[in-house]
Amino acid sequence: MTIFLETKRLIIRAPSLSDYNNWLVVHAESDEMQYPNEVVEAWLNHHILEFQQNGFSMGSVFLKDNNEFIGRAGLFYYSGAIAEKADIEIGYIIHKKYWNQGYATELAKALIEWGFKNLSVSKIIALTRLDNKKSQHVLEKAGMQFVKKIQSEGEDFLLFEIYK
């Protein structure tokens, strides 16, 4: 498995078809991010292709010390109407049992740093649901600033940005 990024405690691996069951489980337990199996499968296939084409995408996150899957995270091209065509978005979803341990913030900070170092971008964006206070707090701890409320794919989100 190709390692995309390492932090002090975590490894983000490039997505692969073997990640399918892990991705299903993390979305099945999420209050904010429950989606049908077909959607998760389509995302996985999309991110596999995106990683092959661009060298980055959403990947699978594992603990360094025991190789346990804890979620998914990464950078990807935002495809919604509110952003510029080349905007890079940060995303993450962590198993509930790993919440409140600093993993999401560790991932967000590392992904922002990687994005500014390796991509020709001056800003990175993130979207979060209006009621997802935990994610908003993570983005703020990672240095991102709330910009505005937006609509994407018929849903309301909060847009955060950080500049290089």
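Cut-offs used in this document
- Residues numbered from 1 in each chain as written.
- Predicted model: local features only at pLDDT ≥ 70, side-chain atom pairs only at ≥ 80, totals over all residues.
- Heavy atoms only, no water.
- Pairing = 2+ DSSP bridges.
- Helix = DSSP H or I, 4+ residues; strand = E, 2+ residues; numbered from the N terminus.
- Buried < 20%, exposed > 50% of the residue type's maximum accessible area, 1.4 Å probe, protein only.
- Polar contact = N/O pair within 3.5 Å; in protein donor to acceptor, adjacent residues only side chain to side chain.

In the annotation of an unreviewed UniProt entry, the protein is listed under the name RimJ/RimL family protein N-acetyltransferase and assigned to Aquicella lusitana.

*Asks:* When you look at the pairing of strand β7 (residues 145–152) in this model, what are you seeing that I'm missing?
*Replies:* Consecutive side chains of a regular strand alternate in pointing toward one face of the sheet and then the other. Bridge analysis of β7 against strand β8 (residues 155–163) gives seven bridges, and the strand direction is antiparallel. Among the inter-strand pairings, Ile150 is bridged to a residue of β8, identified as Phe157. Between the antiparallel neighbours β7 and β8 lie two residues, among them Glu153 with a positive phi of about 50 degrees.

*Asks:* What exactly am I supposed to notice about the side chain of Lys123 here?
*Replies:* Looking at where Lys123 falls in the secondary structure, it is placed in strand β6 (residues 123–129). A residue is classified by how much of its surface remains accessible, and Lys123, at 12% relative accessible area, is buried. Only 3.1 Å separates the side chain of Lys123 from the side chain of Glu161, close enough to count as a polar contact.

*Asks:* Looking at this model, I keep getting lost on the pairing of strand β2 (residues 10–13). Mind explaining?
*Replies:* Neither face of β2 is left uncovered, since the one carrying Leu10 and Ile12 and the one carrying Ile11 and Arg13 both have all their residues buried. Hairpin connection from strand β1 (residues 3–6) to β2: three residues lie between these consecutive antiparallel strands. Pairing of β2 with strand β3 (residues 58–63) involves four bridges; the strand directions are antiparallel. Across the sheet, the residue bridging to Arg13 is Ser60, located in β3.

*Asks:* When you look at unusual backbone geometry in this model, what are you seeing that I'm missing?
*Replies:* In this structure, Asn67 takes a positive phi of about 65 degrees despite not being glycine. Among the structural elements, Asn67 can be located in the loop between β3 and β4 (69–77). Given the relative accessible area of 40%, Asn67 is considered partly exposed. Here Asn100, not a glycine, exhibits a phi torsion of approximately 60 degrees, which is positive. You can see Asn100 is positioned in the loop between β5 (88–94) and α3 (103–118).

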